[in-house]
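Working through the structure, step by step
In case you want the letters, here they are:
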Amino acid sequence: MRAMTASAMAARPVATPSARASDSSDVNTKRHRGRPVRPLRGERSRGSAFASSARRRVAEAPRALSDPVETESKAERFLREQLEREGVDVDAAVAQESPEEIVSALEEEEARLAEREASLSRDLDAAYRDTFADLVVQVPSSTGDDGGDEGDAPRTESFSCPKDIDEASFRALAAADAAAASALLDAAQKGDQAKWLAFQRNAHMAKLQRDRVVAQKAAVQAEIAVAKRGGGAVAAAEAAARAVRDAAAKAESARASGLGGLAPDLGLGTETRRIVLISGFESFNVKLYRRAARNLAKRCPGVELAVFSDRDVEANRKEVAAALDGAEVFFGSLLFDFDQVEWLRDAVSKIPTRFVFESALELMSETSVGSFEMKPAPDGEKAGPPPAVKAILAKFGSGKEEDKLVGYLSFLKLGPALLKFVPGRKAKDLRNWLTVYGYWNQGGLENVEEAFYYVAREYLPGLPESAPESLDSTTNDGSIVSKLKKTVGAVLKSTATVTGAGPALKPPKETPALGLYHPDIELANKPWPETTAEYLRWYDARDADSSPFGFTPLPADAPTVAVLLYRKHVITQQPYLADLVRALEASGVKPVPIFINGVEAHTVVRDLLTTEHEQRKRDAGICEIDSLKPDACVVDAVVSTVGFPLVGGPAGSMEAGRQAEVAQAILTAKNVPYVVAAPLLIQDIKSWTESGVGGLQSTILYALPELDGAIDTVPLGGLCKDDIYLTRERVYALADRLKKWHALRRKKKSDRKLAVMLYGFPPGVGATGTAALLNVPKSLERLLESLRDEGYDLGLEPNEPVPSGEALIEALRALDDGRVVAGGVDAAAAALETLRAEKLALSARHSSETSEETVAARDPLRGVAVAGENVSPKRLKEWISFPESWGPTEFGPIPFLPTPDVLVKRMEQAWGPLDAYNGLATVQGKERGSYVAGLTIGNVFIGVQPALGVEGDPMRLLFERDLTPHPQYAAYYKWLQKAYAADAVLHFGMHGTVEWLPGSPLGNTSLSWSDQLLGAMPNVYVYAANNPSESIVAKRRGYGVIVSHNVPPYGRAGLYRQTAELRSLLSEYREDTDTNFHALAGSVFDLVASAGLDADVPFPVHGAGPTQARLTSETIVLEGDAEATEEPEDPAKKKEKTPEDSENVFVSAAAFEAYAGELFAYLGVLENRLFSEGLHVLGGAPSDEAAEQYLEAYFGDSLAREAAAAVARAKRGDDVEALRASLERALAADVAACVEAHNREGRKVVLVGHSMGARVAARLCADFPGVVSRLVIEDMDARVFDGTKYFGEQWGMTGFDYERARAFKPNADSLQAMTASLTEAAGVGTFSSDRVDGYVVRGRVFASSNGGRAVSLIQPLGFCLAFDRVLACDDMQDALSKIAAMPLSSQPEIHLWRAPEKCGESCASLAPGVAGGVQWIQSKFSERRVHDCVFPGAGHSVHKDTIELFERALRELAFHGTPAAFEREAS
């Protein structure tokens, strides 16, 4: 057996023979805390050969009497307890194996290595064939003739290399005919260079790998020989070491001699050994990795660690490819870009050892570490750890699906200790993988260096061998202890020789998996707090004296904000972290920075953070999260600098839809802003500021978090070369937005000031107060009513009507009049009063009431006033200027340093000096400035968004990036921020223009006009639900929190007047084209012209394409008319007239027939087009008629009209089950219609309903009496099925998982993969392994005959729906009761054809007293009308299992009315 590493041996418990004997005597009767303990692997309660061999090495060595018998680490003790709690007999799991089992395990390992050696030899042979086969070279003549006379060239002859050349035959050739072999090498080297280089590379790699496998196989063979002789562990280890040395010497000798002693060396000798590291989403760590590479080169001479970032894969691909070519180990981390991953998969496929961590699954599946691989198995099983590891993984985490990766991280920390419980030699390579990941995950220079040192020692064969120094340096004082140490040292020295383990590894320098960060803690070099409570105690106790590194006192109302950080950034001490925390504190935000690996973000938010909203609900008895910790930190917002989905982070742990659902549930329970704000980790600042956030970075920062519910995304900086830089002004912007959201929540509703922005596009055409698909006046009224009812101050009494929406829009139009604008705010106030007086005068004409209260009630603008300002140029300049103190620290390393008035200069460059500006919406006179005016109703401001662009070109700003918004546009929004001080702005409908202003396309900076004008105001954006592409612009560039409104109901366009008449004419024409051509063609052209269809479907004129003239019966000449008889009679010369030949157009019969077909098809398209009817009103549901029309338009013929009507008329609170029953009745109606269509004689029919179909058949008989004479219910009864009986108690709490059922794919690569997928579909217990096995036996799940893909005829979604909607309801009982109440003349005979109850598959219950069972059915009818028939040998599908018997019984019943002879009449 291969020896274990020292660390593994030291951790393993030592058992004495007596102890083992006593343990084994009662192995099956052990109990743990009252629970029975089962062996780990069933009846064979033995450990692995790997484990027992290591145990023997220690157990057989002398032991001091004072030494403890068992030395178990904390990690092993934890794992032991976890397994014992699950009833696993751990002692049996690690019991020593018999010699026979040891030999068997070793022989299995030998066979695996032999197959690997053969595979590598085949690869090497293929390389020889590809390079040398069929090469023809000239070699010296074999005749011995030297060429004749002196000076003549030596005679040569042709030599053709055999097609089946391989490594062995080439060596034989080199020994027999060195000249021929040398000539072949020379020809290959001078020929195709790509082929020659490929040969060098492939031969080199294959030989290196084969040499290592040969050495491993030799070691195993030596161990087998020792084990068969009964030798001990020390002898086995020494024999293995000798075998490895001999194999290495033999390989070195072969390399030194080249190919059979040939001079040309193919590069197979000793050279630098290469490991290639490609770092993806962390290029900022490249400097650290290169330092580790330099240190590794000192520790392991001859080993090169080549370090690249993912950007090198794009920019320096040739260099990366050259490094990978010949590398022996590949190491990849955080690689997600699809194109890069696809390229790397192919590029690293020939590298023997591959570590891939936290990357795209496609690349992680390339992981190959010795015998441990993550590739899918040939049977289609997904890649993953061994079953024993999977079992223990379930003990970590919460057991929730979304927490699997979190548990996985917890497992990795203890993984190596777990492997004592894992059978098989594969554990060694798995242990190595876990060990390397342990170092890598801890991060930092020392850990990274140690990870690669370990990889080099384990997976670069032939490096200098050394044993642990601590054991070599022991002295021999003759004591038992020193003898023990000497013996163990010899074992470990031989172990080091076999494995190349070298000096003992330094333990990882650990950082908590989860902790809390603060720059003060970092600078003081103190341990990181591991709980929020510990952090807050430290934070709140700080003061200026105890914080020498700077202390910023926070205001009392400062929001507490959780900030999620990357743990690796904390470990590598990225400077931006301290800048981020300091800047938040300087902005008045109390940060709670929590560092995490990335995959556990959702557990932190879910379990460690809470909010006042959540606490109030829990106080009221509403608990939405059952895993919330008692000491959870109360926060006002959550900021993630991680990006990616909240659930799963970079790795992703669930299907996209499922993980978004879980995240949304968590965030809904917290009900505070969730903001993703992070520096760009794979994009530099220069490209961001010039072209916007793009590529994968936009997906990480925007697209994925938005699915969870993230808002107000803010890029905080980015890369400058390989370093992360923070842009402080972006942190200030983030902090301001967080404070505004916090203030909005804290303020009383009656004190909140809102700004509602309507639109007037295009300007000057009466479009003020409009939006796409939305009835703005009525919706505005609804909004004001809701605000009033919610407690917002509108200056109205609680039940006082709000102002009329139409009147408000009319008032806003009055304020937009040119003369009013020129007069400024005073003129606007006067215009409002004038309009009010006009409205009152108009209403007085229709009422004789003159009391003050009556007059006030008639005022449609009651409570409405004008608010605004004539914004002076000086004030505008102040508003759009940056602080004078801002410099490189605030703006960051962008390509240029802005001046404080940079925006003023840009605006003046586009529109002229502001002091002299007299353009759009400018007030005239002494108070010249930008006109800002709107209406106020209490604390609600209603305004119209300023026009965009210039007169005559309102869209100009959308297409000219160098422009700026005009002064009045900027003044309007700045007034809302600075003067009106709106707590929030609401953009009303689709859509405005502020989000389209010039600036960064994605990822606002302070120079983006959208960011500048919206400022920190929370922006709620009401948007039509059918336009996500543009609403996402409002969300990203305009910080819009999107509130989607429904669109008006759709309907089918149908045909009207002329079009309906036209289709009728065309139908008539098509019945007899020859006869109807002359009679109808003119009328068709007249209708086409009157309906305006000639532009959509023009008539093609011969030789001239579609005509542009409008054709009517007056402007055409039909073939065969009198005018057309003048055409030449010779068919070869006959042609249609063109507009050039005559004023009229000649129409042949063939041309009209083609045109009629085109018209008919177009009318069909036109008739079925969808269009929206009317405009939507916020909060208003469509009428029943509109909803029905929409359903019919959407589903077409796939939904019966009765079903559409039933759904449309359903009201909130209606019984859903009753609605489903009505839909099932509609299905019965469809069956009845089918029967009627195929039964023209009107005779009664025999109806057979199998299983759930029997329930539909019973409903048909109940609803359509007189149609069925005999009802055959095949293996079904009328019970209401209880799911817990079939699917377990857990199902009773959760029901079916419809999301999983919908996601099920009915195809798989293998039958095993198909059954595994089906078992997991639809949730716990739905498809048990026994049920699925039954499907396989009955052929409902099968693999194709040629060994290809497997198919499932079982559809989980249909299964779940059928059970819930058919089996689990009492509709059949209702139907049978209705049938039983019919007159006997209308009742059908009832025949129960079922399987024997003992078959175990029957769905008909004979148990007495069961509602809906067989006896219940019999009791409902007279005995002569219920025939209970059992089919011997049948299962649930009687018609299939006993097909001949079933067909005979059906024939007798249908044609003779005779029940089957083998029936049992009901008694």
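Read on for a plain summary of the structure. Source: prediction; values computed, not measured. (Residues numbered from 1 in each chain as written. Predicted model: local features only at pLDDT ≥ 70, side-chain atom pairs only at ≥ 80, totals over all residues. Heavy atoms only, no water.)

So, the packing of aromatic side chains
Note the cut-off: Only the six-membered ring of Trp is used, alongside the rings of Phe and Tyr, when aromatic pairs are assigned; centres must lie within 6.5 Å, and planes under 30 degrees apart are stacked while those over 60 apart are edge-to-face, with the rest tilted. Where helices and strands are cited, they refer to DSSP runs of H or I of at least four residues and of E of at least two residues respectively, numbered from the N terminus. Between buried and exposed lies partly exposed: a residue is buried under 20% and exposed over 50% of the maximum accessible area for its type, with that area taken using a 1.4 Å probe on protein chains only. Distance and angle both matter: a charge sits over a ring if NZ of Lys or CZ of Arg is within 6 Å of the ring centre and within 35 degrees of the ring normal.
Considering all chains together, one arrives at 52 aromatic pairs under this definition. On the basis of an interplanar angle of 55° and a centroid distance of 5.2 Å, the ring pair of tyrosine 1021 and tyrosine 1023 is categorised as tilted. Each ring, one from phenylalanine 1287 and one from phenylalanine 1363, has its centre 5.2 Å from the other, and the planes form 70°; the classification is edge-to-face. With phenylalanine 1287 in helix 50 (residues 1283–1287) and phenylalanine 1363 in helix 55 (residues 1356–1367), this pair connects stretches of sequence that are 76 residues apart. Take phenylalanine 1287: its relative accessible area is 6%, and that puts it in the buried class. These aromatic residues form a ring-pair network of at least three members: Tyr289, Phe331, Phe355, Phe357, Phe372, Trp433, Tyr437, Trp440, Phe452 and Tyr459. Stacked on the ring of tyrosine 1039, the Lys or Arg arginine 737 has its end atom at 4.2 Å from the ring centre. Here the guanidinium or amino end of lysine 753 rests over the ring plane of tyrosine 980, the centre of that ring lying 4.2 Å away.

Focus: the sheet that holds strand 15 (residues 590–596)
Cut-off, in case you're wondering: When DSSP finds two or more bridges between two strands, those strands count as paired. We call two residues contacting when some pair of their heavy atoms lies within 4.5 Å. Every axis in this analysis is a line fitted to C-alpha atoms, fitted for helices over the stretch in contact. Angles between the N-to-C directions lie between 0 and 180 degrees.
Read across the sheet, seven strands follow the order 13-15-14-18-19-20-21 without closing on themselves; strand pairing throughout is mixed. In the strand order of this sheet, the two ends are held by strand 13 (515–516) and strand 21 (723–726), each with one partner. Taken together, the two bridges between strand 13 and strand 15 define a ladder with antiparallel strand orientation. Residue pairing across strands places glycine 515 opposite phenylalanine 595, the latter belonging to strand 15. Contacting strand 14 (560–566), strand 18 (637–640), strand 19 (674–684), strand 20 (711–720) and strand 21, helix 31 (residues 728–746) crosses the sheet at an angle of about 165° to strand 20.

Some points on helix 11 (residues 286–299)
The condition that has to hold: Expected span, for any helix, means 1.5 Å times one less than how many residues it has. Note that the arc is defined by the directions from the helix axis to the C-beta atoms.
The terminal C-alpha atoms of helix 11 lie 20 Å apart, and with 14 residues this matches the ideal 20 Å at 1.5 Å per residue to within 8%. Looking at helix 11, one finds that the buried residues are Val286, Leu288, Tyr289, Ala292, Ala293 and Leu296. Buried residues of helix 11, seen end-on, are gathered within an arc of 150° and therefore sit on one face of the element. Exposed residues lying more than 90 degrees from the buried face of helix 11 are Arg294 and Lys298.

A look at the side chain of threonine 1442
Under the convention used in this document: As used in this structure description, the phrase polar contact means that two N or O atoms lie within 3.5 Å; if the pair is within protein, one of them must be able to donate a hydrogen and the other to accept it, and residues adjacent in sequence are counted only when both atoms belong to side chains.
With respect to the helices, strands and loops of the structure, threonine 1442 is situated in the loop between helix 58 (1438–1441) and helix 59 (1443–1456). The exposure class assigned to threonine 1442 is buried, which follows from its relative accessible area of 10%. Among the polar contacts listed, one links the side chain of threonine 1442 to the backbone oxygen of valine 1438, at a separation of 3.0 Å. In contact with threonine 1442, not counting residues within four places along its chain, are Phe1431, Pro1432, Gly1433 and Ala1434.

Some words on the sheet that holds strand 38 (residues 1307–1308)
In space, the three strands of this open sheet follow the order 38-40-39, with antiparallel pairing throughout. Each end of this open sheet is capped by a strand with a single partner; those strands are strand 38 and strand 39 (1341–1343). Pairing of strand 38 with strand 40 (residues 1350–1352) involves two bridges; the strand directions are antiparallel. Residue pairing for strand 40: alanine 1308 is matched across the bridge by alanine 1350.

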